[in-house]
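Architecture at a glance
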Amino acid sequence: MKHVELLVHSSEETKAVARRLAERLEPGMVIALEGDLGAGKTTFTKGLAEGLGIQQNVNSPTFTIIKQYEGRLPLYHMDVYRLEDEWEDLGFDEYFGGDGVTVVEWAHLIAGQLPAERLTVYLLDRGGDERLLRFEPLGQRYEQLCEEIFGA
């Protein structure tokens, strides 16, 4: 499987797709999010959090880099946009191999630290509230996840 694309027409549809994904997430899974400012990365993460049963308000950890939320699985929400050094020792590997799900906004900025197997989600602005969501699974675990969710 190379990738799956979905066109959504609102932030609620974006969150609904993320909720559906969250239902099948397992400990140690990593979701890399890419997209321009305002493309919906944090909205997607809010949907993941809802799908994991997290009751807390989820917002971008732009200035703290990492926030943790508790639900069916812990959610580690990272925003590495302001990170100056990709190799700064923030213990990313402990999160990536941990007991929860890790979501990384602007993941390309720490590409060298990302696990080889992960699901990259591109959120592409199509104007107005429309977004093209492009799911690129890397590794069998993530290919199977996409097949289960999207039937691709």
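Reference entry: report on the structure contained in this document. (Residues numbered from 1 in each chain as written. Predicted model: local features only at pLDDT ≥ 70, side-chain atom pairs only at ≥ 80, totals over all residues. Heavy atoms only, no water.)

What about the overall build of the chain?
The cut-off we apply is this: Put simply, DSSP H or I for four residues or longer makes a helix, DSSP E for two residues or longer makes a strand, and each gets a number counted from the N terminus. Throughout, radius of gyration means the C-alpha value; the globule benchmark is 2.2 Å times the number of residues raised to the power 0.38. Burial classes follow relative accessibility: with a 1.4 Å probe on protein chains only, a residue under 20% of its type's maximum area counts as buried, one over 50% as exposed, and anything between as partly exposed. Here, two residues are considered to be in contact whenever any of their heavy atoms come within 4.5 Å of each other. Here the open area of atoms and residues is found with the Shrake-Rupley method and a 1.4 Å probe, where only the protein chains shown may cover a residue. By the counting scheme adopted, Arg and Lys are positive, Glu and Asp are negative, and His together with the chain ends is not counted. In plain terms, the charge of a residue is placed at NZ if it is Lys, CZ if Arg, CG if Asp and CD if Glu.
Helix and strand content of the chain: four helices and seven strands. Along the chain, helices (α) and strands (β) appear in the sequence β-α-β-α-β-β-α-β-β-β-α when read from the amino end. Taken against the 2.2 N^0.38 rule, which gives 15 Å for 152 residues, the C-alpha radius of gyration of the chain at 14 Å falls within 12% of a compact globule. Each of the three principal axes of the chain carries a C-alpha extent, and together these read 40 × 30 × 30 Å. In the chain, which comprises 152 residues, the share counted as buried stands at 47%. Across the chain, every contact between residues at least 6 apart in sequence was considered, and the portion connecting residues at least 24 apart equals 63%. Accessible surface computed for the chain: about 7,400 Å², of which carbon and sulfur atoms make up 44%. If the 15 positive side-chain charges of the chain are averaged to one point and the 27 negative ones to another, these points end up 6 Å apart.

A few points about the nonpolar core
In globular proteins that are soluble, nonpolar side chains generally tend to be buried together. Put simply, the rule is: Working definition of a nonpolar core: buried Ala, Val, Leu, Ile, Met, Phe, Trp, Tyr and Cys residues. They are joined through side-chain atoms within 4.5 Å.
Membership of the largest hydrophobic core comes to 44 residues, with the highest contact counts inside it found for Leu21, Leu25, Ile31, Phe44, Leu119 and Phe135. Per element, the largest residue contribution to this core is five residues, and it comes from helix H4 (residues 140–150). Leave out the neighbours within four places in its chain, and Phe135 touches Lys2, His3, Val4, Leu6, Val17, Phe44, Leu119, Thr120, Val121, Cys146 and Phe150.

Quick notes on the side chain of Thr14
By secondary structure assignment, the location of Thr14 is in helix H1 (residues 11–22). Every residue in contact with Thr14, bar those within four places of it in the chain, is listed here: Val8, Gly40, Thr43, Phe44 and Leu123.

A short note on the packing of H1 against helix H2 (residues 41–51)
Which entries qualify depends on this criterion: Lines fitted to C-alpha atoms define the axes here, with helix axes fitted over just the stretch in contact, and angles between the N-to-C directions of these axes take values from 0 to 180 degrees. Throughout, the term roughly parallel applies to angles under 35 degrees, roughly antiparallel to angles over 145, roughly perpendicular to angles from 65 to 115, and oblique to all others. In a left-handed crossing the near helix is turned counterclockwise from the far helix by less than a right angle, and in a right-handed crossing that turn is clockwise. When residues are grouped by polarity, Ala, Val, Leu, Ile, Met, Phe, Trp, Tyr, Cys and Pro land in nonpolar, Asp, Glu, Lys and Arg in charged, and all others, Gly among them, in polar.
Remark: H1 packs on H2, axes separated minimally by 7 Å, with the N-to-C direction vectors making an angle of 45 degrees. One element, H1, and the other, H2, form an angle in the oblique class. The two elements H1 and H2 cross, and the hand of that crossing is right-handed. Contacts from Ser11, Thr14, Lys15, Ala18, Arg19, Leu21 and Ala22 of H1 reach H2 at Thr43, Phe44, Lys46, Gly47, Leu48, Glu50 and Gly51. For the contact of H1 with H2, the class distribution of residues is five nonpolar, five polar and four charged.

Remarks on a nonpolar patch on the surface
Inclusion rule: Residues with no salt bridge and a relative accessible area higher than 30% make up the patches, which join like charges within 9 Å and nonpolar side chains (Val, Leu, Ile, Met, Phe, Trp, Tyr) within 5 Å. For this document, the term salt bridge refers to a Lys or Arg side-chain nitrogen within 4 Å of an Asp or Glu carboxyl oxygen.
A cluster of nonpolar side chains, contributed by Leu37, Tyr81 and Leu109, occupies part of the molecular surface with about 300 Å² of accessible area. The topology assignment puts Leu109 in the loop between strand S5 (101–105) and strand S6 (118–125). According to the relative accessible area criterion, Leu109 is partly exposed, its value standing at 32%.

Brief notes about the packing of aromatic side chains
To describe a pair of aromatic rings, one takes the distance between the centres and the angle between the planes. Convention followed: Here a Phe, Tyr or Trp ring, Trp counted by its six-membered ring, pairs with any other such ring whose centre lies within 6.5 Å, and the pair is stacked when the planes are under 30 degrees apart, edge-to-face when over 60, and tilted otherwise.
Enumeration over the complete set of coordinates arrives at three aromatic pairs. Ring geometry for Tyr81 versus Trp106: centroids 4.7 Å apart, planes at 45 degrees, classification tilted. Separated by 25 residues along the polypeptide, Tyr81 in the loop between strand S4 (75–79) and helix H3 (92–96) and Trp106 in the loop between S5 and S6 bring together distant segments of the chain. On the accessibility criterion, Tyr81 (38% relative accessible area) is partly exposed. Judged by centre distance (4.7 Å) and plane angle (45 degrees), the ring pair of Phe135 and Phe150 falls under tilted. Highlighted residues: Phe135 in strand S7 (residues 131–138) and Phe150 in helix H4, separated in sequence by 15 residues.

A look at the pairing of strand S2 (residues 30–34)
The cut-off we apply is this: By the convention used here, strands pair only if DSSP detects at least 2 bridges between them.
The element S2 is extensively covered by neighbouring structure, given that five of its five residues are classed as buried. Sheet analysis places S2 next to S5, joined by four bridges and oriented parallel. Residue pairing in the sheet places Leu33 in a bridge with Glu105 of S5. Relative to S6, S2 is paired through four bridges, and the arrangement is parallel. Directly across from Leu33, in S6, lies its bridge partner Val121.

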